Amino acid sequence: MIELRFHRDLYSAKAVEETAEAFAAVASIERSEDESAITLAVEPRYTKPAQVRRIIGELQNYALAKTIDEGPRR
Amino acid sequence: MTDTPENVKAELSRGAVNLEVDPSIYPLGAIYGAAYIFIDRCYVFLYRPSETSLRITLQTKEPEPAEETLRALVGEFSNELLSCAWRRQITEENRELIQAVTSKALSGAMGSPSLDDLADFDFSDDEFEDPLGIAQSWEEKHGRKTPKEPAEAPAEAAATPEGEGADS
Amino acid sequence: MSVDLQRLSLSPTKPAFFRWREVGDNVVITNFEGNFLILSRDEFAAFAEGRIEAGEELYERLSAANFLRETYDVDRAAESYERRKSFLNSGVNLGILVVTLRCNESCVYCHASRANMDAVHTDMSPAVAEKAVDLFLASTSDFVTLEFQGGEPLVNFPVIQHIIEYALERNKTAGKRLEFTMVSNLALMDDEKLAYLLEKKVQICTSIDGPEKLHNAQRKLATMDSHQKAVHWIRRINEEYAAAGLDPTLYHVEALLTTTRATLPLWREVVDAYTKLGCRALFLRPLDPFGFAERTRKRVEYDRDDYLEYYRNAVDYMIELNKQGVEILERFAAIFLTKILRGEDPNFLDVRAPAGTGIGQLAVNYDGTVFTCDEGRMLHEMGDDTFLIGHVDTHRYRQLVGHETVHTAVIASNLDGQPDCVNCAYNPYCGTIPATNHKTSGSVFGRMRESNVCAVHKGIQDYLFQKLATADAETREILERWTTVRPREHFVQGVEAAEAETAGAEAAEPTP
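Bear in mind the structure is a predicted one, so any value in this text is a computation, not a measurement.

Draft legend 1. Layout of the overall build of chain A. On a plain count of helices and strands, chain A comes out with two helices and three strands. Ordering the α and β elements of chain A from the N terminus gives β-α-β-β-α. Relative to its full complement of 74 residues, chain A shows a buried share of 49%. Excluding contacts between residues fewer than 6 apart, the proportion of contacts in chain A whose partners are at least 24 apart in sequence is 63%.

Set out below in C-alpha cells:
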C-alpha cells in the first residue's frame, strides 16, 4: 500500500479523480480527503517491485499532466 | 550525492532526487512548465512540505540510475525551472507584442475560412486551451484576487511522510 | 577590458530602447526595429549615460538610427518592424513532399529518415501526392515551392512526374507563382529523367560534403563513388543550363554541405571543392540533432567552438577568394547580413521569428501524414509524433495551419518571449526552431544558453559584426554584395511568372 498525498493547491481535484479512475484496472485505489489534500491509497494489482514502481510513477505523472492540461490555476 | 546544495536530496535506492524550492521565487506555473517536460523520462511528484516550500521529486523511469545521472537531472531541471520562471515574466511584460505577432502570423497563414471550414466551425463559447494564459485580460491576470480562506494555511502542516510516495 | 554597466550612470531619458553586446573591442547596439550601430566602448558609455548633445557626430549617428528618445520616430520604427516581419502576411510557401523513404546512399549522419531500397511501402502513391498538391496550392501565399525530398526522390520518379503534371494543371485555377525543387544525391539520374526535369524547370539541389575522399566516406554508395556521380551530373546540368541560354552565374546546381567532425580541419578543401564545381554559394551547415543514433553522434558531433573556428576560417578564405575574383558566398552570412544591412528578412524559415514551423512550411510524408516542418517529420521517424498535425485525407489547409501545435510553435519561436533572446542584441536578426529545441531540451521553447543552434547563431553574428567593424572597403563591399538577391525567374511558373521579381527568397539567389 502506498499513500500519495495530492495537495489541492498543486493538483486539480478533477485530475486526481480522473487518475484514480484511469488506474483502477491496474491498482486498487482508496480515496480520502482533508482540507488541504486528496490522498490516494494505492495497492497495485501487480507485485514485482519494478511493476509497482512503474504503476505508482505513471499514476503520479498522469495526475500531474492532467492538472497542467487543465490550464492556469486561478 | 556530494557537494550538493541543501535543497537537493538524493534517494539513490529509489532512483529519485528531491528538489525543494521557494514558491515565492518560482511560481507554480513555472514549476508545472519545468515538470511537464520531464515526464517522458521521469516520474514527477509535487509535494508541499510547508507553506514556504515546494518539493519536486524526480524519479527516473529507468531503475537504478547512476549518481551522475541524478546529478545531471537535477541540474537540468533547475535550469529549466529558471528558464520557465523568467519566460513567464517576459511573456507578461511583452504580452501585447507577442499576441500581435501571433495573431498576425496565424491569420496571415490561415487566411479567410472557406465554406467547408465554416461548416466545421465551433460556434460554442467554450473556453479554448490557453496554457500560457495569453488570452487572459489584464484584469484577469493582475486584478484583485479573492482573499484566501484563513483555514487553508495551517492544514499544510498536517502532511505526513507516508504521503510522499516514497515508501510502501 | 569589458563594459561594466554598474560603473555607468545610466541615463533614463536619453537612450531609447536598445540591446547591446560586446564584440571584440566594440559594442554593438541594436534597437526594436533592428537598426544597429557599432560603437567604441567610450562612445557606448557616452550613449548609455546620456553625455551626448545635438550637433555632435555621435548624437547625429544615434539619432539617424533611431536610438534617442528625444528624436525617436515611432512611425519609422513601426514601418521598419513591419517590413522585417512582412513574411507574416502570407502562409506556407514551402511544401515538402517526401516521395519515398527509400535511399540508395547510406550516410553517416542519416539513419532514421531513410529506408532500404526494398522498402517499397515507403513510396508515396499518386493519390496521396495529388492531395498533398491540393493542400499546398490552398496556401494563402501566392508563391509556393514544392520540394521533392526523400530518402532519395529519384527512386520514386514516376510520382515526381505525376506531382509536376498535376500541380501545373491545378495551378491553372489556383494561380500561384509555382516552383519545383528536388533535393537529390543524383546517383540515380539519367538522360531521360534530366530531360524531363529541365523541361519542367525543376530546380535541382544536391549534397556535396567537400572533397571526394570525405564525401565518399560520409555518403556511402555500394560502389563508393557517390562523389564522382554527383560531380558528373552537376557539371552536366550546369552545361545544359548554359546551353539553354541561362546565365551560369545565376543558374547552376545548388549543393548542400553537412559539416561533421571530419569536415572541420578541411575548411579550405571544402571551399575549393565548391568553387571547382562552379557553385557560387556554400552553406556551412552544422549537424542537426535528427536522424542518427547516439553511437554515431559521438563519432560525428563536435564542440560548437570548434565549428565556429572552422566557420571563421572558411569565410575568411571565401572573402579572400572574392578579392581574387572568385565569386562565392556563405549562406548563413548572406541570411544574417541581409537582415543586418538591408533591414529585410530573406525568409529563411529556420532563421526567422516566429519560425516557419507550420506557417511557412509543411511537410507531407510518403503516407500522407502532415508535419509542421521537415524536422518534425524526421522526429516522427525517430518515434516522436509531437509535430504530426494531420493527414492529407482528413485535414484541410486551414485546419493544419490553425492546429494548436502550430499555434504553440509560433509562440515558442517568438524571441520577444524567450529568455536570453529577449535581451540579445541579435534579437532582430535571429530565429529558433521549435522542433530542434524539442529534440535537444524536451521543450519547444528550448534553453538558449544550452542550445547549439543559439551558440552557432551568436558566433556567426559576432564574426559578422567584427568584420563590419574592422573591414576594409573591399571586404565591406563583398559583404554587402552577398545581400543582393537576384530572382531566378526561369524556375518560377504560373500565371504571374513574369512578375517573379517580387517573389520570395525561395526562388532567389544572393549574389556572391
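Draft legend 2. Summary view of the overall build of chain B. The secondary structure content of chain B amounts to six helices and four strands. When the helices and strands of chain B are listed from N to C terminus, the series reads β-β-α-β-β-α-α-α-α-α. In chain B, which comprises 168 residues, the proportion classed as buried is 38%. Long-range contacts, defined here as pairs at least 24 residues apart, represent 63% of the contacts in chain B between residues at least 6 apart.

Draft legend 3. Region of the structure containing the pattern of salt bridges. Overall, the coordinates contain 52 salt bridges over all chains when judged by the stated rule. For E301 of chain C, the salt bridge goes to R304 of chain C, with nearest N and O atoms at 2.9 Å. The salt bridge partner of K339 of chain C is D345 of chain C, with a shortest N-O separation of 3.0 Å. For the residue pair K339 of chain C and D345 of chain C, the accessibility class agrees, reading buried in each case. A single salt-bridge network, built from bridges that share partners, covers D40, R41, E76 and E80 of chain B together with R447 and E450 of chain C.

Draft legend 4. Looking closely at the interface of chain B and chain C. On the chain C side, the residues contacting the 31 residues of chain B number 36 residues. Buried area between chain B and chain C, summed over both chains or domains, comes out near 2900 Å², and the portion from carbon and sulfur atoms is 61%. A per-residue breakdown of the area chain B buries against chain C is headed by R87, A109 and M110 of chain B, which together make up 20% of the total. Taken together, the connections running from chain B to chain C amount to three salt bridges. Put simply, chain B and chain C have ten residue pairs in polar contact (both at pLDDT 80 or more) between them. Counting only elements with at least two residues in the side of chain B that touches chain C, the list comes to α2 (67-93), α3 (95-110) and α4 (115-119) of chain B.

Draft legend 5. Fine view of the packing of helix α1 (residues 28-36) of chain B against α2 of chain B. All names here are of chain B. With their axes 8 Å apart at the nearest point, α1 and α2 run at an angle of 135° to one another. Of the possible angle classes, the one that applies to α1 and α2 is oblique. Two packed elements cross with a definite hand, and for α1 against α2 that hand is right-handed. Of α2, the residues touching α1 (which contributes G29, A30, I31, G33, A34 and A35) are F77, E80, L81, C84, A85 and R88. For the contact of α1 with α2, a count of residues per class yields eight nonpolar, two polar and two charged.

Draft legend 6. A look at the packing of helix α6 (residues 191-199) of chain C against helix α8 (residues 226-243) of chain C. Residue and element names in this part refer to chain C. Contact pair α6 / α8: the axes reach a minimum separation of 12 Å and the direction vectors enclose 45°. By the criterion of interaxial angle, the relationship of α6 to α8 is oblique. Helix-helix and strand crossings are classified by hand; for α6 and α8 the assignment is right-handed. Contacts from D191, L194 and L198 of α6 reach α8 at W233, R236, I237, E240 and Y241. By residue class, the composition of the contact of α6 with α8 is five nonpolar, no polar and three charged.

Draft legend 7. Highlighting the environment of L287 of chain C. Residue and element names in this part refer to chain C. Along the chain, L287 falls in the loop between β12 (284-285) and α10 (294-300). Residue L287 is classed as buried on the basis of its relative accessible area of 7%. Spatially, the C-alpha atom of L287 lies 5.9 Å from that of T259, the residues being 28 residues apart in sequence.

Draft legend 8. The arrangement of a negative patch on the surface in detail. Residues D303, D305, D306 and E309 of chain C make up a contiguous surface patch of negative charge. Residue position: D306 of chain C is located in helix α11 (residues 304-323).

Draft legend 9. How the structure looks around the sheet that holds strand β3 (residues 36-40) of chain C. Residue and element names in this part refer to chain C. Spatially, three strands are ordered β1-β2-β3 in an open sheet, and the strand pairing comes out antiparallel. Of all the strands in the sheet, just β1 (19-23) and β3 have a single pairing partner and so form its edges. Strand-to-strand, the axes of this sheet are offset by a mean angle of 25°, without reference to chain direction. Examined bridge by bridge, strand β2 (residues 26-30) and β3 share five bridges and lie antiparallel to one another.

Draft legend 10. Expanded view of the environment of E344 of chain C. All names here are of chain C. Structurally, E344 can be placed in the loop between α12 (331-342) and β14 (361-364). Along the primary structure E344 and E82 are separated by 262 residues, whereas in three dimensions their C-alpha atoms are 9.8 Å apart. The residues touching E344, leaving out its near neighbours within four places in the chain, are R83, T338 and K339.

Draft legend 11. Structural view of the pairing of β1 of chain C. Residues and elements named next belong to chain C. The sheet contact formed by β1 and β2 spans five bridges and is antiparallel. Counted as the bridge partner of V23 is N26 from β2. The hairpin turn running from β1 into β2, its antiparallel successor, is two residues long, and G24 in that turn takes a positive phi close to 60°.

Draft legend 12. Region of the structure containing the side chain of T260 of chain C. Residues and elements named next belong to chain C. For T260, the position within the fold is in the loop between β10 (254-258) and α9 (267-276). Given the relative accessible area of 1%, T260 is considered buried. Dropping the residues within four chain positions of it, T260 is found in contact with Y109, Q218, L287, V300 and Y302.

Draft legend 13. Spatial organisation of the pairing of strand β4 (residues 94-98) of chain C. Residues and elements named next belong to chain C. The buried count for β4 comes to five of five residues, which makes it a mostly enclosed element. Both faces of β4 are covered, namely the face carrying L94, I96 and V98 and the face carrying G95 and L97. Two strands pair when backbone bridges link them, and β4 and β14 are joined in this way by four bridges, in the parallel orientation. Residue pairing across strands places G95 opposite L362, the latter belonging to β14.

Draft legend 14. Representation of α6 of chain C. Residue and element names in this part refer to chain C. The set of residues buried in α6 consists of K193, L194, Y196 and L197. Buried residues of α6, viewed axially, fall in a sector of 160°; they line one side. When the buried face of α6 is taken as reference, the exposed residues oriented beyond 90 degrees from it are E192 and E199. Packing partners of the buried residues in α6 comprise α5 (157-174), β7 (177-183), β8 (202-207) and α8. At the N-terminal end of α6, a side-chain oxygen is found 3.2 Å from the backbone nitrogen of E192, two or three residues along, and the residue is D190.

Rules used throughout
- Residues numbered from 1 in each chain as written.
- Chains lettered and ligands numbered in written order.
- Predicted model: local features only at pLDDT ≥ 70, side-chain atom pairs only at ≥ 80, totals over all residues.
- Heavy atoms only, no water.
- Helix = DSSP H or I, 4+ residues; strand = E, 2+ residues; numbered from the N terminus.
- Buried < 20%, exposed > 50% of the residue type's maximum accessible area, 1.4 Å probe, protein only.
- Contact = heavy atoms within 4.5 Å.
- Salt bridge = Lys/Arg side-chain N within 4 Å of Asp/Glu carboxyl O.
- Buried area = accessible area lost by both parts, 1.4 Å probe.
- Polar contact = N/O pair within 3.5 Å; in protein donor to acceptor, adjacent residues only side chain to side chain.
- Axes fitted to C-alpha atoms, helices over the stretch in contact; angles between N-to-C directions.
- Parallel < 35°, antiparallel > 145°, perpendicular 65-115°, else oblique.
- Left-handed = near helix turned anticlockwise from the far one by under 90°.
- Nonpolar A, V, L, I, M, F, W, Y, C, P; charged D, E, K, R; others polar.
- Patch = residues over 30% accessible without salt bridge, like charges linked within 9 Å, V, L, I, M, F, W, Y side chains within 5 Å.
- Areas by Shrake-Rupley, 256 points an atom, 1.4 Å probe, with all protein chains shown as cover.
- Lys, Arg positive; Asp, Glu negative; His and termini not counted.
- Charge placed at Lys NZ, Arg CZ, Asp CG, Glu CD.
- Pairing = 2+ DSSP bridges.
- Arc of directions from axis to C-beta.

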